[in-house]
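Examination of the molecular architecture
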Amino acid sequence: GKEAEIAKALNLITEQAIRAGQIISRVRGYIRKRIPKREAVDMNKAVEEAVTLFRHDALNRGIQIETHLTPDLPPVMGDLIEFEQMIINLGRNAIDAITADSEEGGKLEIFTTAGDDGVLVRISDSGPGLTGNEIDRIWQPFMTTKESGLGLGLAICRSIAEAHGGRIWAESAPDGGLSVVFFIPAAVEE
């Protein structure tokens, strides 16, 4: 009856939560164990390579992607693959947010700028945006606005940013939507 169904649903939720926890610790462990390369990285290259991996998905959904890359950025110290992973996660989140908001179209913009002895990458979408309260909650591991998905992407992005001595935050985009920004310190000449 009803109680058996509820018990089954709760078991499923518990299993998913345990699985999600394992995924997070595996990924965090992977990020920690995989000896991250510490080398000078051109963040514009990271953006360009990452975008090729979700551009097709965006175009299929009628979403325009615009990149605004500042030339001659200072190189940042870190691991190209981890930066690309962050940009792919954030780009896919933005695409999902735009798609959830409207049937057709929308815009995803990615900016790189130099500032404060490092590089800022800003990923802005034209989706529904979030309230101040929600913006604070998106960094929690199980916060997800998607029907399917464990919402681990942002927790992982935060781990990567902090492992590189940087930080990541979200703010409302100028024309509605959401901007996620991360900062990575510039590589210091040894």
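Residues numbered from 1 in each chain as written. Predicted model: local features only at pLDDT ≥ 70, side-chain atom pairs only at ≥ 80, totals over all residues. Heavy atoms only, no water.

Some details on the overall build of the protein
Of the regular secondary structure elements, the protein holds five helices and seven strands. Burial status across the protein gives 39% buried among its 190 residues. Within the protein, residue pairs in contact and separated by at least 24 positions form 73% of the contacts whose partners lie at least 6 positions apart. For the protein, the exposed surface amounts to about 10,800 Å²; the carbon and sulfur share of it is 53%. (Helix = DSSP H or I, 4+ residues; strand = E, 2+ residues; numbered from the N terminus. Buried < 20%, exposed > 50% of the residue type's maximum accessible area, 1.4 Å probe, protein only. Contact = heavy atoms within 4.5 Å. Areas by Shrake-Rupley, 256 points an atom, 1.4 Å probe, with all protein chains shown as cover.)

Here we look at the nonpolar core
Formed by 41 residues in total, the largest nonpolar core has its most connected members in Met43, Phe54, Ile87, Leu108, Ile168 and Phe182. With nine residues, helix 3 (residues 80-101) is the largest single contributor of residues to this core. The residues touching Ile87, leaving out its near neighbours within four places in the chain, are Met43, Ala46, Val47, Ala50, Phe54, Ile123 and Phe182. (Core = buried A, V, L, I, M, F, W, Y, C linked by side-chain atoms within 4.5 Å.)

Some details on helix 5 (residues 153-163)
Side chains of residues three or four places apart in an α-helix project in the same direction, reflecting 3.6 residues per turn. Counting buried positions along helix 5 yields eight of eleven residues, so the element is predominantly enclosed. Among all positions of helix 5, only Gly153, Leu154, Ala155, Ile156, Cys157, Ser159, Ile160 and Ala161 are buried. Positive phi appears at Gly165, one or two residues downstream of helix 5, with a value of about 75 degrees.

Topic: the confidence of the model for the protein
The predicted model of the protein averages 83 in pLDDT, with 83% of residues at 70 or higher. Ranking the elements of the protein by mean pLDDT puts helix 4 (residues 132-137) last with 75 and strand 2 (residues 64-69) first with 96. (pLDDT = per-residue confidence, 0-100.)

As for the sheet that holds strand 2
If you trace the five strands from one edge of the open sheet to the other, you get 2-4-5-7-6, paired in mixed fashion. The sheet is open, and its two borders are formed by strand 2 and strand 6 (167-172), each paired with just one other strand. Recorded for the sheet is a direction-independent mean angle of 15 degrees between the axes of neighbouring strands. Where strand 4 (residues 107-115) and strand 5 (residues 118-125) come together, eight bridges link them in antiparallel fashion. Across the sheet, residue Thr112 finds its bridge partner in strand 5, namely Val121. Packing against the sheet, helix 2 (residues 43-60) makes contact with strand 2, strand 4, strand 5 and strand 7 (178-185), and its axis sits at approximately 175 degrees to strand 2. (Pairing = 2+ DSSP bridges. Axes fitted to C-alpha atoms, helices over the stretch in contact; angles between N-to-C directions.)

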